[in-house]
Structure formats: structure tokens, C-alpha cells
Amino acid sequence: MSVNTHAPSGTQVRIAHGEHAATITEVGAAVREYTVGGRPVFTSFPEDEVAPAFNGAVLLPWPNRLRDGAYEVDGTAYQVPVSEPDRGTALHGLACWQRWVVVEHDASAATLELHLPPSPGYPFDLVTRVTYSLDDAGLRVHVRTTNVGAATAPYGIGFHPWLSADGANLDECTLRLDAATRVTTDERLLPTGTEPAAGSYDLREPRLLAGVDLDDAYVDVLRDADGLSWMRLAAPDGRTSAVWMDGSMDTWQVCTGDHVGDVAFRRSGVAAEPMSCIADAFRTGERLVRLEPGVSHEVTWGATLL
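If you're wondering where the values come from, they're calculated on a predicted model, not measured in any experiment.

This part is about the overall build of the protein chain. Counting its secondary structure elements, the protein chain contains one helix and 27 strands. The C-alpha atoms of the protein chain give 18 Å as radius of gyration, which agrees with the globular expectation for 306 residues (19 Å, within 12%). Each principal axis of the C-alpha distribution contributes one length, and for the protein chain these read about 55 × 45 × 40 Å. Sorting the 306 residues of the protein chain into buried and exposed places 54% on the buried side.

The sheet built from four strands is open, its strands ordered β1-β2-β3-β4 with antiparallel pairing. With one partner strand each, in any of the chains shown, β1 (12-17) and β4 (39-40) form the two edges of the open sheet. Relative to strand β3 (residues 31-36), strand β2 (residues 20-25) runs antiparallel, the two sharing five bridges. Within the sheet, the bridge partner assigned to I24 lies in β3 and is V31.

Evaluation of the coordinates by the stated rule reveals 23 salt bridges. Taking the shortest distance from any N to any O, the salt bridge between D74 and R290 comes out at 3.4 Å. Of this pair, D74 sits in the loop between β7 (70-73) and β8 (76-79) while R290 sits in strand β26 (residues 289-291), placing them 216 residues apart in sequence. Residue D74 is classed as exposed on the basis of its relative accessible area, which comes to 62%. Overall, the relative accessible area of 48% leaves R290 in the partly exposed class. Measuring nitrogen to oxygen at the nearest pair gives 3.1 Å for the salt bridge that ties D250 to R287.

Looking now at the side chain of T25. Structurally, the position occupied by T25 is in strand β2. Its relative accessible area of 0% is what places T25 among the buried residues. With residues up to four places along the chain from it excluded, the contact list for T25 reads S9, T11, Q12, A30, R32 and L112.

We now examine the sheet that holds strand β23 (residues 240-245). Judged by pairing direction, the sheet is antiparallel, and its nine strands sit side by side in the order β10-β11-β12-β13-β27-β23-β22-β17-β20 without closing on themselves. Every other strand in the sheet has two partners, leaving β10 (101-106) and β20 (207-208) as the edge strands with one partner each. Bridging between strand β17 (residues 174-177) and β20 involves two bridges; their strand directions are antiparallel. Residue pairing in the sheet places T174 in a bridge with L208 of β20.

Below, the discussion takes up the pairing of strand β22 (residues 229-234). For β22, a buried count of five out of six residues is recorded, marking the element as mostly surrounded by other parts of the structure. In this sheet, β23 lies alongside β22 in antiparallel orientation, the contact comprising six bridges. In the sheet register, A234 faces β23, and the bridge partner there is T240.

In this section: the nonpolar core. Y34, F42 and Y132 are the most contacted members of the largest nonpolar core, which has 68 residues in total. If near-sequence neighbours (up to four positions away) are discounted, F42 is found in contact with V31, Y34, L139, P161, W162, L163, S164, V243, W301 and A303.

Applying the stated criterion across every chain yields a total of 10 aromatic pairs. One Lys or Arg, R182, reaches over the ring of Y201 and ends 3.8 Å from the middle of that ring.

What counts and what doesn't
Residues numbered from 1 in each chain as written. Predicted model: local features only at pLDDT ≥ 70, side-chain atom pairs only at ≥ 80, totals over all residues. Heavy atoms only, no water. Helix = DSSP H or I, 4+ residues; strand = E, 2+ residues; numbered from the N terminus. Rg over C-alpha atoms; globule rule 2.2 N^0.38 Å. Buried < 20%, exposed > 50% of the residue type's maximum accessible area, 1.4 Å probe, protein only. Pairing = 2+ DSSP bridges. Salt bridge = Lys/Arg side-chain N within 4 Å of Asp/Glu carboxyl O. Contact = heavy atoms within 4.5 Å. Core = buried A, V, L, I, M, F, W, Y, C linked by side-chain atoms within 4.5 Å. Phe/Tyr/Trp six-rings, centres within 6.5 Å; stacked < 30°, edge-to-face > 60°. Lys NZ or Arg CZ within 6 Å of the ring centre and 35° of its normal.

This is the structure we're talking about:
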């Protein structure tokens, strides 16, 4: 059941099915923890602390970075707050620190909703519903965002789970990612182009993470027979935390956490971020959704322990 607490992340919404258990937070509609048989699939954070690195949060109306927090739509310029001052970017949208409302909840599923308030920097009117459900296959996440305003809205979405190695040294773990092309970036981690994934950036086969420092987006994703693209972090004992996305998204971001602000959190897991677009899409238009009035956009992803 939902329990009101004074936790920084607000109400904690707990769901379970068999060995699978997850806690969803009111703030950010984030997956604070997800375990299978007591073993963490995601790197969690304590209930009495603020999420150190966007853990499990929903990232909208843009994921990743927006150069200078500035963009233009149909000839009108907009400015959102620069939330990453060291790089001069607006990071991970506007929804991850908002309080979402629990609209449905039973033993194995929960739905949260956010009516994102229009603001001077993003004067568009969106309602988003995210449903988290557990079954024998694992965690499934479905999101529908509807433009309830009168103007066409620029839009993108992403998610920020950190795959857990259950306390193992990340240098002794392997990572596999189903994608063939890496997005190149400048010193601000903003995109400059693409190149075939090669060397330590080629993760199509499991790669030992010793000496590997990643904060990179990938496109040209590869899919299995079910149409799913996967990212898998295998611990030394072979147990594997995994995230998948279906055809509703076609971009990954992977981060080993070497440079996150919370020093204690560094290299404690791997961010496995399914996204609908890469960084700076509001400016470049690449993979950007133009969400027209009355229209909805839907995505699905999930996770499990293999």
C-alpha cells in the first residue's frame, strides 16, 4: 500500500509479484528500487535521501541535455533554467523533480500522473501517465503523454534506471548493449555526429568494464526476435541486470557514473537509459516529436534479472 512519509522523494508506492518487488516514488515517478528474490536489479537510494543521479526517474519533455537551455519553436525563442551550470545545459527535462499523483494502485501495478504546468520556458500543456507493472517476466513500464493544450509541443522522453551489480566491483563486470552506432560529443557532452561503435565503445558483445568510462548515446539499435533492444550488466557470478525497450524508442544512453556529482555513487552501477531522442533534440530536431494538440505519444520499456 502507499505510505505517506517525509521522504525527500515523497510517498513510496510499493508493488510486488512473486519474487519481483519495486518501489515507485511520488517525486519524479521514479523507480527507487527494483529487486528479484531480494537481489537488486537497479541501484537504489535510501528513502531518506534525494536521488543522487536521477535514479529511475522519468525524463520529459526532453531527456539528456539542452544546449544553453535555449531553443526555438515556430519562430519563437524560449529559455528554460540551466540546471547543469558546469556544462551550461538544461539537463533531463522538467518532470523529474515534480510530485506526481497516484491515480491507480493494486498489488502488482501502479499508475502515476503528472499534469506538467506550462511555464515561460515551456508554455505547453502536457498530461503524462506512467504505469509500472510486475509479472513473471519482470518490470514493465508504459507511458502515455497527451498534449491537452492548443499549441504543438516539442517533446522527447527518456528514463534513468541504473543497473546494479549487487555490490560487485564494476571493473569485474561486463556490459552488453544492442546498438551499432555511437553519438560523438563535444566537451559539453552535446552531440557532434555519429560513428560506428568501435574499440571500447563497441558493446555488441559483453565487454569487461575495467578502464571503461562511458557517458555516451547510441543509435542504430539492434533488436531480438521479439523486437526488443537490450542493455545487460553481468556481475562476476553471472547474474545479469537488464533493461529492454520496444520499437517505441530507438536511442540508448549508457553511463558508468565516473563523473557524477555524488562521489560515493560513482561506478556503483551503469545507467541504462532508453530514450526517444538524443541530447539537444529541441535545437537539432533529430528524432524530436512534434506533439500536436489532442495527440498522445506512447512508449514502453522494462527490466528484469537474467
